[in-house]
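Here is what each chain is made of, one letter per residue.
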Amino acid sequence: MSKARRISPTQGTRASTAAGKSPRLDLLQAAADIVAALPDAVVITASDRRVLAVNQTGADLLGWPVADVVGQAIADNVSPGERAHVASREDRVLGGETQRYETRIVNHRTGEERDVAVSSGPFRVAGHIIGTVATLRDITEPKRAQETLARSEARYRHLVESASDAIVTLDANGRFTTVNHAAENISGYKRDELVGQWFAPMLPDDDLPKALGHFQQALAGETGLFESQFYRKDGEVRTIAITYSTPQKDEEVLCLIRDVTDQKMLQEQLIQSEKMSAIGQLVSGVAHELNNPLAGISAFAQLLLAEKRFPPDQRTAAETIYSEARRASRIVQNLLTFARQHKAEKVQTEINQVLDDTLELRGYELRVRGIDVRREYDESLPDTMADAHQLQQGFLNLITNAEQAMEQRDGHHHRLTVRTRRSGDSIRIEVEDTGAGIPANLIERIFNPFFTTKPTGSGTGLGLSISLGIVREHEGRIWAENPPQTGARFVVEIPITEARSSGEHSAPAQVQSVGSDRLRVLVVDDEASVRVSLQRYLAGKNHEVETTASGEDALVRLKASKYDAVIVDMRMPDLSGEQLFERLRSNDPAHAERVIFTTGDLVNEQMRRFLDGTGRPCVAKPFEFASFDQALPAARRRA
């Protein structure tokens, strides 16, 4: 039996090669070729941490020629801040563990640090670990791209979260997938309460078909905008504007949602303000026309009442005519005062009179609604410095609010009570109704702008906040309470202030009465009833009176003759009272100093400024004849 031979690892290969006449396969060379062709760097280090071998990719990564890398300490090619980390990992590899980690190496040629993913394992020879074999993959560019993407996502996430509008996404089934912080604020729901929920239950039934139609358009790739109402978690109904688009067609819908409730309230208030301005212009335009016939009615009623032989039964009728004419005049004046924008002007004001004027504005509505009005006034109240026009607006808001509260409570005999009394150094005003009262949880919110318990479209929620602003402007207080056995009570307290001595609010200068002096008077008014009534009254006072309906004719008369007084209407078709006065002031100052104006629109700011600038007296229409006795100039006519 022949002695057995030790077979080398390549002996079988040689035999098969010889038999098959194939090229000889060198396994070591094949392994070297494979390592050299790898796209990743391969670095073999000894136990002393110096490089034994490296492929071309590794040499390029480290920035050295292949021959120069061998023998280098691997730590010299690692970023200084990473050397301890790499050393601890390599210790574990030399202990037999495989390690995968990320670190940074330094390219010797460029000086640039590169990020690498390392997979390192033991390098064994004859079963003994003599070093490490590590593959290094350059991940610098992917990592930078990942960091850039992460920064971009963080930036846009911050933008979305800090947006004041709600930004949400919905899946194809209409369920919330993402929501931002503003969506929580607008809806009242927490994020985890919204995600996964269907949007439909949050919308009223009337708006749901429209919303579903737009949702289908969004899934089809369209972009659009629509408005809808929705229910907050607390049940409050808000109005939202929804802009939608489709980042992923048929899969996801992106919605930008803005709460436009306050904006729409402001729009309604602007429309209301424009309406009020239009009413003011309309009333201002017709006030003169209304007050002219009222002036005639009032004047002739006064003439009838002045007749000593007038029968008693007819006197009663004349007194009624006179009283109703004055009442109609007050209504016109109150409408004019309330409808026009009025610059704040605090003067000595009688609060009870302001309340009466305000109630008269709502008198018809109160009567037809069957609401009894009870006035419980303290007649000894002192006057106070206040803007009657502003207070009237504030009181009107309170009265209107009480009317609406009582109207909503059917089957009850309603009563509106208005009280005044002195409370220390203040005047206390109470407006009390017999409505349903104010819910305890809302009594602190009713003065907030835009807060209203009325149905949508029934109010702007600004009335009480406006009243609050007016009362604060007068350095007062206002609050609401629920008195026992009745509805709601609004209480206003306004401090009692004395008139200032600066003369800021002084009335136009007036001339003292002339007693029994006979004067020559020219009446200039286009209203025949006014001319005739004034002529009869002044003639009865032994004055010589001429009348004309034309401003131009008046100038001719004034040029030809001398008059002790010229009574001029502010509005006439050919020449206004202002134009006539300016001509007199330029060409005939003596007659200009004897002018007495009459007008039916003293609330007109432009007219008020003109009258204040002239210093001449003005008698408002409808007038009391006694006003002319006080206003007639004392100087006799010149010869």
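Use the structure listed above.
This write-up is about the structure you can find in this document. Note that the coordinates shown come from a computational prediction; the quantities given were computed from them, not determined experimentally.

**Digging into the sheet that holds strand 4 (residues 113-125)**
To summarise the sheet geometry, strands pair through backbone hydrogen bonds and adopt either a parallel or an antiparallel arrangement. Pairing is antiparallel across the open sheet formed by five strands, whose spatial order is 2-1-5-4-3. Of all the strands in the sheet, the pair left with one neighbour each is strand 2 (51-54) and strand 3 (99-106). With strand direction ignored, the average angle separating the axes of adjacent strands in the sheet is 30°. Alignment of strand 4 against strand 5 (residues 128-138), held across 10 bridges, turns out to be antiparallel. Of the residues in strand 5, the one forming a bridge with Arg124 is Ile129. In the packing of helix 5 (residues 83-94) onto the sheet, contacts are made with strand 1 (41-46), strand 3, strand 4 and strand 5, and the angle to strand 3 comes to roughly 140°. Where helix 6 (residues 140-162) meets the sheet, its contacts fall on strand 3, strand 4 and strand 5, and the angle it forms with strand 4 comes to roughly 135°.

**Considerations on a nonpolar patch on the surface**
Residues Ile34, Val35 and Leu38 make up a contiguous nonpolar surface patch of about 230 Å² in total accessible area. By the element assignment, Ile34 lies in helix 2 (residues 27-37). On the accessibility criterion, Ile34 (55% relative accessible area) is exposed.

**Things to note about the packing of helix 17 (residues 551-560) against helix 18 (residues 577-587)**
Two elements in contact, helix 17 and helix 18, have axes whose closest approach is 10 Å; the angle formed by their N-to-C orientations is 25°. By the criterion of interaxial angle, the relationship of helix 17 to helix 18 is roughly parallel. Classified by chirality, the crossing of helix 18 by helix 17 is right-handed. For the pair formed by helix 17 and helix 18, the contact residues are Gly551, Glu552, Ala554, Leu555 and Leu558 on the first element and Leu580, Arg583 and Leu584 on the second.

**As for the sheet that holds strand 18 (residues 520-524)**
The five strands lie next to each other as 19-18-20-21-22, forming an open sheet whose pairing is parallel. Looking at strand neighbours, the two that pair on one side only are strand 19 (544-548) and strand 22 (618-620), the edges of this open sheet. Strand-to-strand twist in this sheet, taken as the mean axis angle between neighbours without regard to direction, amounts to 20°. Its contacts with the sheet put helix 16 (residues 528-540) on strand 18, strand 19 and strand 20 (565-569), and the angle it makes with strand 19 is roughly 175°.

**Observations regarding the pattern of salt bridges**
Within this structure, the stated rule accounts for 46 salt bridges. Residue Arg369 pairs with Glu403 through a salt bridge whose shortest N-O separation is 3.2 Å. Of the two residues, Arg369 sits in the loop between helix 13 (363-368) and strand 12 (372-376) while Glu403 sits in helix 14 (residues 388-407), which places them 34 residues apart along the sequence. The closest approach of N and O atoms between Glu432 and Arg489, which form a salt bridge, is 2.7 Å. Remark: Arg489 occurs in strand 17 (residues 489-495) and Glu432 occurs in strand 15 (residues 426-432); sequence separation between them is 57 residues. With a relative accessible area of 18%, Arg489 lands in the buried category.

**Considerations on the packing of aromatic side chains**
The final tally for this structure, using the stated rule, is nine aromatic pairs. Between Phe623 and Phe625 the ring centres are 5.9 Å apart and the planes differ by 50°, which places this aromatic pair in the tilted class. This pair shows no difference in class: Phe623 is buried, exactly as Phe625 is. Pairwise contacts between aromatic rings join Tyr537, Phe623, Phe625 and Phe628 into one cluster. The ring of Tyr563 has Arg520 lying over it, and the distance from NZ or CZ to the ring centre is 4.4 Å.

**Some remarks on the nonpolar core**
Counting residues in each nonpolar core, the largest one holds 35 residues, and the members touching the most others are Leu391, Leu416, Ile429, Phe447 and Phe490. Sorting the residues of this core by element identifies helix 12 (351-361), helix 14, strand 14 (415-423), strand 15, helix 15 (463-473), strand 16 (477-481) and strand 17 as the ones contributing at least two each. Counting residues per element, this core draws most heavily on helix 14, which supplies six residues. Judged by nonpolar contacts, the second largest core, of 25 residues, contains Leu203, Leu208, Phe226 and Phe230.

**A short note on the side chain of Thr358**
For Thr358, the position within the fold is in helix 12. Ignoring any residue separated from it by four or fewer positions in sequence, one finds Thr358 in contact with Gln392, Phe395, Leu396 and Ile399.

**Side note on the pairing of strand 21 (residues 595-599)**
In terms of residue burial, strand 21 counts as a mostly covered element, since five of its five residues are buried. As paired elements, strand 20 and strand 21 share four bridges and run parallel to each other. Residue pairing for strand 21: Asp569 is matched across the bridge by Thr598. In this structure, strand 21 lies alongside strand 22, joined through three bridges in parallel fashion. Looking at strand 22, one finds that Thr598 is bridged to Val619.

How each quantity is defined
Residues numbered from 1 in each chain as written. Predicted model: local features only at pLDDT ≥ 70, side-chain atom pairs only at ≥ 80, totals over all residues. Heavy atoms only, no water. Pairing = 2+ DSSP bridges. Helix = DSSP H or I, 4+ residues; strand = E, 2+ residues; numbered from the N terminus. Axes fitted to C-alpha atoms, helices over the stretch in contact; angles between N-to-C directions. Contact = heavy atoms within 4.5 Å. Patch = residues over 30% accessible without salt bridge, like charges linked within 9 Å, V, L, I, M, F, W, Y side chains within 5 Å. Areas by Shrake-Rupley, 256 points an atom, 1.4 Å probe, with all protein chains shown as cover. Salt bridge = Lys/Arg side-chain N within 4 Å of Asp/Glu carboxyl O. Buried < 20%, exposed > 50% of the residue type's maximum accessible area, 1.4 Å probe, protein only. Parallel < 35°, antiparallel > 145°, perpendicular 65-115°, else oblique. Left-handed = near helix turned anticlockwise from the far one by under 90°. Phe/Tyr/Trp six-rings, centres within 6.5 Å; stacked < 30°, edge-to-face > 60°. Lys NZ or Arg CZ within 6 Å of the ring centre and 35° of its normal. Core = buried A, V, L, I, M, F, W, Y, C linked by side-chain atoms within 4.5 Å.

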